[in-house]
Amino acid sequence: MTVTEPAGGARSTTDSTAPRILIVDDEVFLADLVASALRYAGFASVTAPSCAEAEAAVARESPDLIILDVMLPDGSGMELCQRLRRAGFLAPVIFLTARQAVEDKIAGLTVGGDDYLTKPFSLDELIARVRAVLRRARSTETARGGGLSYADLEIDEDAHLVRRHGTTIHLSPTEFNLLRYLVCNAGRVVSKQQIVDHVWEYDFGGNQGVVSTYISYLRRKIDQFDPPLIHTVPRIGYMVRLPTP
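Residues numbered from 1 in each chain as written. Predicted model: local features only at pLDDT ≥ 70, side-chain atom pairs only at ≥ 80, totals over all residues. Heavy atoms only, no water.

**Q** I keep staring at the pairing of strand E7 (residues 93-97) and nothing clicks. Help me out?
**A** Walk down a regular strand and you will see the side chains alternate between the two sheet faces. Counting buried positions over the five residues of E7 gives five, a clear majority of the element. Where burial is concerned, the two faces of E7 agree: the one with Val-93, Phe-95 and Thr-97 and the one with Ile-94 and Leu-96 are both buried. (Buried < 20%, exposed > 50% of the residue type's maximum accessible area, 1.4 Å probe, protein only. Helix = DSSP H or I, 4+ residues; strand = E, 2+ residues; numbered from the N terminus.)

Right, dumping it as structure tokens:
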């Protein structure tokens, strides 16, 4: 396993307000190295080597973000992510994977992950992604002015809640921001590249397929009610609108 050390610079110290990061990886050396790098960058970090210990750490630490290896000794990191999402855990998840296939990466995002990083990786890149994902997750927490609505869909930005037909719908931070972006542009077509630029805020290596995957994932939650609101405009992009009579 090759990891590039972070670039030099002044050391940041953590405090009680520092974001809490949980690193879940059974490679103890790697987990400790990542935890040390994150503490150096000003985060609070803890580690767990298995799914079982990760679930206990989530209950105990209430982390602001999880860095999660896909392959763990007692199960799949993707299955763990699904369990956490079903239990109502909404903090972002960054997957670590040795798999290069785009399908594997998209699978991680589909089960509720917010980003992925392929081994071997640079610690500087990992820290940059942690900051970007946390920034994206917290953008709605600092928003003011109540919320957004379209038809029977309500987005409460202060509480980070989504309701449709009066039913609360649980979304991950990335799903929430994608829906918010679509609703802010209701009646207007937005392209995949616009969505990547405004929702992910950094380059996915030109892979816009993740947008289609997330749109599909969001539809299963939002458009379980009639009428469907999220529509595809072939060869152009996506939009939120009521169906044409």
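Next, the rest of the story.
**Q** Whenever I open this one, the pattern of salt bridges confuses me. Can you help?
**A** Opposite charge on two side chains makes pairing possible when the charged atoms of those side chains draw close. By the definition in use, this model includes eleven salt bridges. The shortest N-O distance in the salt bridge between Arg-60 and Glu-61 comes to 3.3 Å. When the shortest N-O distance is used, the salt bridge between Asp-69 and Lys-119 registers 3.3 Å. Note that Asp-69 is positioned in strand E4 (residues 65-69) and Lys-119 in the loop between strand E8 (115-118) and strand E9 (121-122), a separation of 50 residues in sequence. (Salt bridge = Lys/Arg side-chain N within 4 Å of Asp/Glu carboxyl O.)

**Q** How should I be thinking about the packing of helix H7 (residues 192-200) against helix H8 (residues 209-222) in this particular structure?
**A** Where H7 meets H8, the axes come as close as 9 Å, and the angle between the chain directions of the two elements is 80 degrees. Judged on the interaxial angle alone, H8 and H7 are roughly perpendicular. Contacts between H7 and H8 pair Lys-192, Ile-195, Val-196 and Trp-200 from the former with Val-210, Val-211, Ser-212 and Tyr-214 from the latter. Considering only residue class, the contact of H7 with H8 consists of six nonpolar, one polar and one charged. (Axes fitted to C-alpha atoms, helices over the stretch in contact; angles between N-to-C directions. Parallel < 35°, antiparallel > 145°, perpendicular 65-115°, else oblique. Contact = heavy atoms within 4.5 Å. Nonpolar A, V, L, I, M, F, W, Y, C, P; charged D, E, K, R; others polar.)

**Q** Any chance you could explain the packing of helix H2 (residues 51-61) against helix H3 (residues 77-86) here in plain terms?
**A** To describe two helices that pack against each other, one gives the angle between their axes and the distance between the axes. Viewed as axis vectors pointing N to C, H2 and H3 meet at an angle of 30 degrees, and their least axial separation amounts to 11 Å. With respect to their mutual orientation, H2 and H3 come out roughly parallel. At the point where H2 passes H3, the crossing takes the right-handed sense. Within the contact between the two elements, H2 uses Cys-51, Ala-54, Glu-55 and Val-58 and H3 uses Leu-80, Arg-83 and Leu-84. Residue composition of the contact of H2 with H3, grouped by class: five nonpolar, no polar and two charged. (Left-handed = near helix turned anticlockwise from the far one by under 90°.)

**Q** Which parts of the structure should I look at to understand the environment of Glu-157?
**A** Tracing the sequence through the fold places Glu-157 in the loop between strand E11 (153-156) and strand E12 (161-164). Along the sequence, Glu-157 and Phe-176 sit 19 residues apart, while their C-alpha atoms lie 9.3 Å from each other.

**Q** How should the nonpolar core be read in this particular structure?
**A** Note that soluble globular proteins tend to have their nonpolar side chains buried in a common cluster. By size, the foremost hydrophobic cluster in this structure holds 27 residues, and its most contacted members are Val-162, Leu-179, Leu-182 and Ile-195. Listing elements by their share of this core, those giving two or more residues are E11, helix H6 (173-184), H7, H8 and strand E15 (237-240). If we ignore the near neighbours within four places in the chain, the residues touching Leu-179 are Leu-153, Ile-155, Val-162, Leu-171, Leu-218 and Ile-222. Core analysis: the next-biggest nonpolar cluster, separate from the first, contains 23 residues, Ile-23, Leu-38, Leu-96 and Leu-123 among them. (Core = buried A, V, L, I, M, F, W, Y, C linked by side-chain atoms within 4.5 Å.)

**Q** Would you mind going over the UniProt feature "modified residue: 4-aspartylphosphate" (unreviewed entry) in the protein chain with me for this structure?
**A** Those places that UniProt annotates as "modified residue: 4-aspartylphosphate" (unreviewed entry) correspond, in this numbering, to Asp-69. In this view, Asp-69 contacts Val-24, Asp-25, Asp-26, Gly-77, Leu-96 and Lys-119; residues no more than four positions away in its chain are not counted. (UniProt positions renumbered as here; feature names shortened; annotations may be inferred.)

**Q** Before we go on, may I ask you to explain the side chain of Asp-115 in this structure?
**A** By secondary structure assignment, the location of Asp-115 is in strand E8. A relative accessible area of 0% places Asp-115 in the buried class. In terms of polar contacts, Asp-115 uses its side chain to reach the side chain of Arg-129, at 3.0 Å. (Polar contact = N/O pair within 3.5 Å; in protein donor to acceptor, adjacent residues only side chain to side chain.)

**Q** In this structure, what is going on with the confidence of the model for the protein chain? I would like to understand it.
**A** Confidence in the prediction of the protein chain, expressed as mean pLDDT, is 82, and 81% of residues score 70 or more. Scored below 50 in pLDDT, residues 5-14 shows 19 contacts in the model against residues more than four places distant or in partner chains. (pLDDT = per-residue confidence, 0-100.)

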